[in-house]
Amino acid sequence: MLHELFHLIGFLIFGKVSFDSLKYGLNLKLGIAYATTSTPLPSSAMRKALLLPFWTTAVLPTLIGFWMEDQVLVLLGAMLAAGAAGDFIMYRELLKEKKDIWVLDDPELPRLHLYDSKPINESPE
């Protein structure tokens, strides 16, 4: 859940979305936690929001764990890094696209919708 909270923070900071556009919760059917925004983001903002949880919940605890010689923190960081695998896949796919595309996070599934220009309708039907 903390991982998903950092996605929301990324949407707010990098995408400059309104707080009202954010959605956070659990999808029990898929067995996943989710964080999404109904506002389309420029590709560069979405890429930053995708990787923010990796840096804050995986890299940071790992580095602190090495510094403090705390194996539990290092192991926790490694496990949380593995949890960011899906984010890296989406990030890699965004790198293949034009830099000026707009990205809309799917509200129900872990996937992204891409647009050549900012969509007028801010939520997919």
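Look up a bit, the structure's there.
Residues numbered from 1 in each chain as written. Predicted model: local features only at pLDDT ≥ 70, side-chain atom pairs only at ≥ 80, totals over all residues. Heavy atoms only, no water.

A. Main features of the overall build of the protein. On a plain count of helices and strands, the protein comes out with four helices and five strands. Ordering the α and β elements of the protein from the N terminus gives α-β-β-β-α-α-α-β-β. In terms of overall dimensions, the protein has a C-alpha envelope of 50 × 30 × 25 Å along the principal axes. Here the protein, with 125 residues, has 37% of them falling under the buried criterion. Once local pairs closer than 6 in sequence are excluded, the contacts in the protein between residues at least 24 apart make up 52%. Total accessible area computed for the protein in this model is approximately 7,900 Å², and 64% of it derives from carbon and sulfur atoms. Put simply, the protein has 11 plus and 14 minus side-chain charges, and the middle of one group is 6 Å from the middle of the other. (Helix = DSSP H or I, 4+ residues; strand = E, 2+ residues; numbered from the N terminus. Buried < 20%, exposed > 50% of the residue type's maximum accessible area, 1.4 Å probe, protein only. Contact = heavy atoms within 4.5 Å. Areas by Shrake-Rupley, 256 points an atom, 1.4 Å probe, with all protein chains shown as cover. Lys, Arg positive; Asp, Glu negative; His and termini not counted. Charge placed at Lys NZ, Arg CZ, Asp CG, Glu CD.)

B. Region of interest: the packing of aromatic side chains. Tallying each qualifying case throughout the model produces two aromatic pairs. Look at F54 and W55: their rings are 5.2 Å apart centre to centre, the planes differ by 70°, and that puts the pair in the edge-to-face class. We classify F54 as buried; its relative accessible area is 16%. The interplanar angle of 80° and the centroid separation of 4.9 Å between the aromatic rings of F54 and F88 together place this pair among those described as edge-to-face. Of this pair, F54 sits in helix α2 (residues 43–68) while F88 is found in helix α4 (residues 85–95), placing the two residues 34 residues apart along the sequence. Following the ring pairs from residue to residue traces out a cluster consisting of F54, W55 and F88. (Phe/Tyr/Trp six-rings, centres within 6.5 Å; stacked < 30°, edge-to-face > 60°.)

C. Representation of the sheet that holds strand β5 (residues 112–115) in the model. The three strands are arranged β3-β4-β5 in an open sheet whose pairing can be described as antiparallel. Of all strands in the sheet, those with a lone pairing partner are β3 (41–42) and β5, marking the two edges. Sheet topology note: the β3/strand β4 (residues 102–105) ladder contains two bridges and is antiparallel. Following the sheet pairing, L41 is matched in β4 by V103. (Pairing = 2+ DSSP bridges.)

D. Spatial organisation of a nonpolar patch on the surface. A contiguous nonpolar surface patch, about 630 Å² in accessible area, is contributed by M1, L2, L5, Y24, L26 and L28. For the nonpolar patch, the secondary structure elements donating two or more residues are α1 (2–15) and β1 (22–27). Position of M1 relative to the elements: it lies in the segment before α1. The exposure class of M1 is partly exposed, given its relative accessible area of 46%. (Patch = residues over 30% accessible without salt bridge, like charges linked within 9 Å, V, L, I, M, F, W, Y side chains within 5 Å. Salt bridge = Lys/Arg side-chain N within 4 Å of Asp/Glu carboxyl O.)

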